[in-house]
Amino acid sequence: MQNLPFKARIFLLLIWLAALLTAGWAMSIRLPLSDAQSWEGILFAVLAVVAYGKKIVLVQLSSEEDSVTISFGCILTFAALLRLGPLGALVIAVVGCLSSCVYPNCQRGFQIAFNVAVAVLSAWLAGLTFLYLNTGDLSLHPAHTIPAVAVASVVYFLVNTGVMAVNSSLRTDQKILPLWREDFLWTAPGYFVGAGLGTLVVVACGSGSWLLLVCVTPLAWLTYQASVVTMGRAHARQKYIESLANLYLGTIRSLALAIDAKDQYNQQHILRVQRYAVALAKQMGLTENLVEAVNTGALLHDIGKLGVPDYVLLKPGRLSEEEFEKIKKHPEIGAAILETVEFPWPVLPVVRSHHEWWNGSGYPDGLKGEAIPLTARVLAVADVYDALTSARAYRTAWTSEAALAELQRSAGTQFDPGVVAAFIQIAGNIPVEVVPSGKPVSDTVTGGAIVKAGDAARLIQRASSELWALYEVAQTLSSSLGLQETLEILGGKLEAILPGTACLFLLREAAEDTLIVRVAVGLNSEFFSGAKAVRLTSLSLAVATHRETYCGGYDAEDLLLISSQSAQWEPLKAALIVPIVHQGEVLGTINLYHPEPEAFSPHDQQLMETISERAAMALYNGLLFDRTRSHANTDPLTGLFNFRYITQQVDDLCAAADPATDSLALLCLDLDSFKPINDNFGHQKGDQVLRDLADIFREAVRDTDIVARYGGDEFLVALRGASAAEARAMCHRLHAAVLAYDPGLIHEELGALRLGVSIGYGCFPVDGSDCTALISSADSRMYRQKTQRKLGRLAEPRAEDSSRGEPTLEQLSAPRLILRDAA
């Protein structure tokens, strides 16, 4: 009992006192006499021991004995009430409650006392209610007895569940009414049915107590079994839902942490904001649904930063006005990314509106006052508070007092005054979890004596070198972005830590039995880049499989190397191979090779194992980041880049280009005669045609060019460094490729269906200096030529013309039309 909150202990004492006073009251007043025999009371007591011992868990707290439960003694309590009177019902309730508290598992003393007290209060108050409404006696009159039992069952239910709800509320710090509605209100039918069954049995059996025993026992048992099955299914379903929710939130958390890893000055920002926001939402009494929306929205509120250029996001100093305008787009981008996700809670308003201001001067929609979703107002306060109390490259972290003063000053302009007031009340009580960020700690000698001064010096030197190495790696992890960038930076750091070695990062491929070198630096890097471990006898695969470090001689049969015509192979003698494991999953290995035998010491092994542990999270986050970035920038149907990606890339290329020397061309492609394919052969076949053409376009351009799906049957192609003449040549090449493509579709009336394509282009800097202007120019050319062709003013080029010289623009824009579009 000492572990209970102070308020809960006071409440228990009050309940015990109320039960004692009630028992004294019951013994002192005169009640109507019952015609029941004494042996009937014994039968009821025996039945009470059986009935009250069967429990159903309502609310599971920290342990099974702390759980809130209810028994099926309700049936027997009301049967005893009608047959033995209020005092008899009280005694039967106490006997049954005592038996259920000590068998099969004996509860603690204060719990037994509390349960008995609840039984006394609920049975006695229900009994007095019945007696008052039943004309003051125990005789059964349907006109009076039925309403009396109904009201008495309501009183029994309210007292029983109400006291338990208050007790649970004081122990778990939840609001009483929502807790009662959530965990107890739904049990009301069980109480009412139990009271009705008890009454029905007494009415049917009259004074025949032996018949009462025969009837009540199977009814109670059947009721118990039905409830066990129902509650078992309910608990199993609830557990399944909770496991899905945990998996769902775990996935969201991993995604959010991968995004958060981009900004080295915002480490753990989303976790702190989540903690602040959820505590604030609970303080303001938001519904459970809205609290979950805040919980999830806090994790994802910065997902839109995927659409912000890295040079802006990672800029160490203050942002310029133009850079801040790019940052201001991230709430809208985040909402667009999450729009297709069917969250069970209203998450999108949190993500989209958390930068809106109370006075309407925020972004992206300029919402004002109550028009801003409450969940977004909550997150806005938590987000800014954490930003103020976190260090930046251009300033130190504010104190909590200074940050709260700033929030209060901005209440009514930037923030909802009510939300700020609620946050100030709880700010000092919110624990801030500090997750280890990878800061290195030097080794400590815990056993053995240091005899020689040289040994001590070497230990200090090793500790210092390890401290520096881990610091370098920690710096890498805090500033790394995607997987390849992380690997390259880590490889460079390791090469500096262990000079004269070959350093390789091998990662698992889709096949479990294959490792591929993703990054190789140092000795023989030309031979190791892209090498694979595929043999069953491979040391690297053995290390990954058994998760045990290898330190020994170099095995030339370990990897399938890449040949090099220019590089000279340096013979290797020593190898150190360390597995990279994240939460039980093997991601790959770190391989170090050296030309000297036994070059790696136990200290080197320990250092690399430590680095591997620290790097595993960064590599895992890098994998998640790459997947997220790929999904955000890829068209799901064709696998091409989407419009968002090519727009950003073209804008970045134009911004970095010199108009006097650099060039860029943007092609806009619109398929002709595509609609009849969907109309006559279905959208699945149309989708396959789009995928085929996407592959054709990819093969037709250079590796440095960008092919994207514009939407529907339109595509965009960005040609780096292309002039107008080269753009026209590519138009002809793509046009001929489409003409040569046979979708293999034959219509009964129309015959073989073939496709055409209309192509326009825009060139930087002649036609524009950004993506929008270039698309406008390309669209204009494309539709002008499409119109002229439909009017019959342009000749139709032939597919074989692709092998001749550069065609005219008119030839490029005239598709070979086998089936003319209805438009």
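The rules behind these values
Residues numbered from 1 in each chain as written. Predicted model: local features only at pLDDT ≥ 70, side-chain atom pairs only at ≥ 80, totals over all residues. Heavy atoms only, no water. Pairing = 2+ DSSP bridges. Helix = DSSP H or I, 4+ residues; strand = E, 2+ residues; numbered from the N terminus. Contact = heavy atoms within 4.5 Å. Axes fitted to C-alpha atoms, helices over the stretch in contact; angles between N-to-C directions. Buried < 20%, exposed > 50% of the residue type's maximum accessible area, 1.4 Å probe, protein only. Parallel < 35°, antiparallel > 145°, perpendicular 65-115°, else oblique. Salt bridge = Lys/Arg side-chain N within 4 Å of Asp/Glu carboxyl O. Phe/Tyr/Trp six-rings, centres within 6.5 Å; stacked < 30°, edge-to-face > 60°. Lys NZ or Arg CZ within 6 Å of the ring centre and 35° of its normal. pLDDT = per-residue confidence, 0-100. Left-handed = near helix turned anticlockwise from the far one by under 90°. Nonpolar A, V, L, I, M, F, W, Y, C, P; charged D, E, K, R; others polar. Core = buried A, V, L, I, M, F, W, Y, C linked by side-chain atoms within 4.5 Å. Disulfide = S-S within 2.5 Å.

Quick look at the sheet that holds strand β7 (residues 574-582)
Here we have six strands laid out as an open sheet, ordered β5-β4-β3-β8-β7-β6, and antiparallel in their pairing. Looking at strand neighbours, the two that pair on one side only are β5 (532-533) and β6 (550-553), the edges of this open sheet. Both β6 and β7 contribute to a ladder of four bridges, which runs antiparallel. Note that in β7 the partner of tyrosine 550 across the bridge is isoleucine 577. Set on the sheet, helix α22 (residues 539-546) makes contact with β3 (502-508), β4 (515-522), β5, β6, β7 and β8 (585-594); between it and β8 the angle comes to about 140 degrees.

Side note on helix α14 (residues 330-338)
Taken together, the buried positions of α14 are His330, Pro331, Ile333, Gly334, Ala335 and Leu338. Tucked inside the fold, the buried residues of α14 contact α11 (288-300), α13 (321-327) and α15 (348-353).

Quick word on the sheet that holds strand β14 (residues 756-764)
Spatial strand order, β10-β11-β9-β14: four strands in an open sheet with antiparallel pairing. Pairing within the sheet leaves two strands with one partner each, and these edge strands are β10 (706-711) and β14. Neighbour-to-neighbour, the strand axes of the sheet open up by a mean angle of 20 degrees, direction not taken into account. By the bridge criterion, nine bridges tie strand β9 (residues 664-672) to β14 in an arrangement that is antiparallel. Within the sheet, the bridge partner assigned to leucine 664 lies in β14 and is phenylalanine 764. Relative to strand β11 (residues 714-720), helix α24 (residues 643-656) is tilted by about 25 degrees, and along the sheet it contacts β9, β10, β11 and β14. With respect to the sheet, helix α28 (residues 771-790) is in contact with β9, β10, β11 and β14, its orientation differing from that of β14 by roughly 145 degrees.

Description of the pairing of β14
Burial analysis of β14 places nine of its nine residues in the buried class, which makes it a mostly covered element. Residues Gly756, Ser758, Gly760, Gly762 and Phe764 line one face of β14 and the alternating positions Val757, Ile759, Tyr761 and Cys763 line the opposite face, and both faces are buried.

Some words on unusual backbone geometry
Residue proline 364 is reached from tyrosine 363 by a cis peptide bond, and omega for that bond is 10 degrees. With respect to the helices and strands, proline 364 occurs in the loop between α15 and α16 (374-388). Cis geometry is found at the peptide bond from phenylalanine 764 to proline 765, where omega equals 5 degrees. Summarising the element assignment, proline 765 is placed in the loop between β14 and α28. Despite not being glycine, threonine 135 has its phi angle at roughly 65 degrees, a positive value. Within the secondary structure, threonine 135 is located in the loop between α5 (109-133) and α6 (142-172). By relative accessible area, which is 46% here, threonine 135 ends up partly exposed. Positive phi is not limited to glycine here, since glutamate 598 has a value of about 50 degrees. If you trace the backbone, glutamate 598 turns up in the loop between β8 and α23 (602-633). Among the residues examined, glutamate 598 registers a relative accessible area of 79% and is labelled exposed.

Describing the packing of α24 against α28
Put simply, α24 and α28 touch, their axes get as near as 8 Å, and they point 110 degrees apart. By the criterion of interaxial angle, the relationship of α24 to α28 is roughly perpendicular. For the pair formed by α24 and α28, the contact residues are Phe643, Ile646, Thr647, Val650, Asp651 and Cys654 on the first element and Cys771, Leu774 and Ile775 on the second.

A few points about the pattern of salt bridges
Across all of its chains, the model carries 15 salt bridges by this definition. With a closest N to O distance of 2.7 Å, arginine 702 and aspartate 705 form a salt bridge. Salt bridges linked by common partners bring Glu332, Arg352 and Asp365 together as one network.

Brief notes about the pairing of β8
A regular strand places its side chains on the two faces of the sheet in alternate fashion. A large share of β8 lies buried, amounting to nine of its 10 residues. With six bridges connecting them, β3 and β8 associate as antiparallel partners. Paired with leucine 506 across the bridge in β8 is threonine 589. By the bridge criterion, nine bridges tie β7 to β8 in an arrangement that is antiparallel. Residue pairing across strands places isoleucine 577 opposite asparagine 591, the latter belonging to β8.

A word on the packing of aromatic side chains
Counted under the stated rule, the structure contains 18 aromatic pairs. Relative to tyrosine 363, the ring of phenylalanine 324 has its centre 6.3 Å away and its plane inclined at 90 degrees; by these criteria the two rings are edge-to-face. Of this pair, phenylalanine 324 sits in helix α13 while tyrosine 363 sits in the loop between α15 and α16, and the two are 39 residues apart along the sequence. The exposure class assigned to tyrosine 363 is buried, which follows from its relative accessible area of 13%. Aromatic pair phenylalanine 641 and tyrosine 645: ring centres 4.0 Å apart, planes at 15 degrees, arrangement stacked. A relative accessible area of 17% means that tyrosine 645 is categorised as buried. The cationic tip of arginine 781 hangs over the ring face of tyrosine 761; the distance from NZ or CZ to the ring centre is 4.5 Å.

A word on the confidence of the model for the protein
The share of residues in the protein with pLDDT of 70 or more is 78%, and the mean pLDDT across the chain is 79. β11 holds the highest mean pLDDT among the elements of the protein, 95, whereas helix α29 (residues 809-812) holds the lowest, 37. Contacts for the low-pLDDT stretch residues 58-70, under 50 throughout, to residues beyond four places or in other chains number 37 contacts. Low confidence marks residues 434-465, where pLDDT is under 50. Its contacts with residues over four positions away, or in another chain, come to 23 contacts.

Regarding the packing of helix α10 (residues 269-283) against α11
Between α10 and α11, whose axes approach to 8 Å, the crossing angle comes to 165 degrees. If you check the angle between α10 and α11, you find them roughly antiparallel. Crossing angle aside, the handedness with which α10 passes α11 is right-handed. Contacts between α10 and α11 involve Ile270, Leu271, Val273, Gln274, Ala277, Val278, Ala281 and Lys282 from the former and Val291, Val294, Asn295, Ala298 and Leu299 from the latter. By residue class, the composition of the contact of α10 with α11 is 10 nonpolar, two polar and one charged.

Points about the nonpolar core
Formed by 58 residues in total, the largest nonpolar core has its most connected members in Ile15, Phe44, Phe78, Ile92, Phe114, Phe130 and Val163. Of all the secondary structure elements, the ones that give two or more residues to this core are α1 (6-28), α2 (38-52), α3 (73-84), α4 (86-102), α5, α6, α7 (176-183) and α8 (188-205). With 14 residues, α5 is the largest single contributor of residues to this core. Membership of the second largest hydrophobic core comes to 33 residues, among which are Val701, Val707, Leu734 and Leu745.

What about the environment of leucine 121?
Summarising the element assignment, leucine 121 is placed in helix α5. On a C-alpha basis, the gap between leucine 121 and valine 159 in space is 7.3 Å, while along the polypeptide they are 38 residues apart.

Some details on the state of the cysteines
Under the counting rule described, the total for this entry stands at zero disulfides. As a non-bridged cysteine, cysteine 101 has cysteine 97 as the owner of its nearest cysteine sulfur, 4.1 Å distant. Cysteine 763 takes part in no disulfide bond, and the closest cysteine sulfur, belonging to cysteine 731, lies 8.8 Å away. Look at cysteine 763 and you get buried, because its relative accessible area is 7%.

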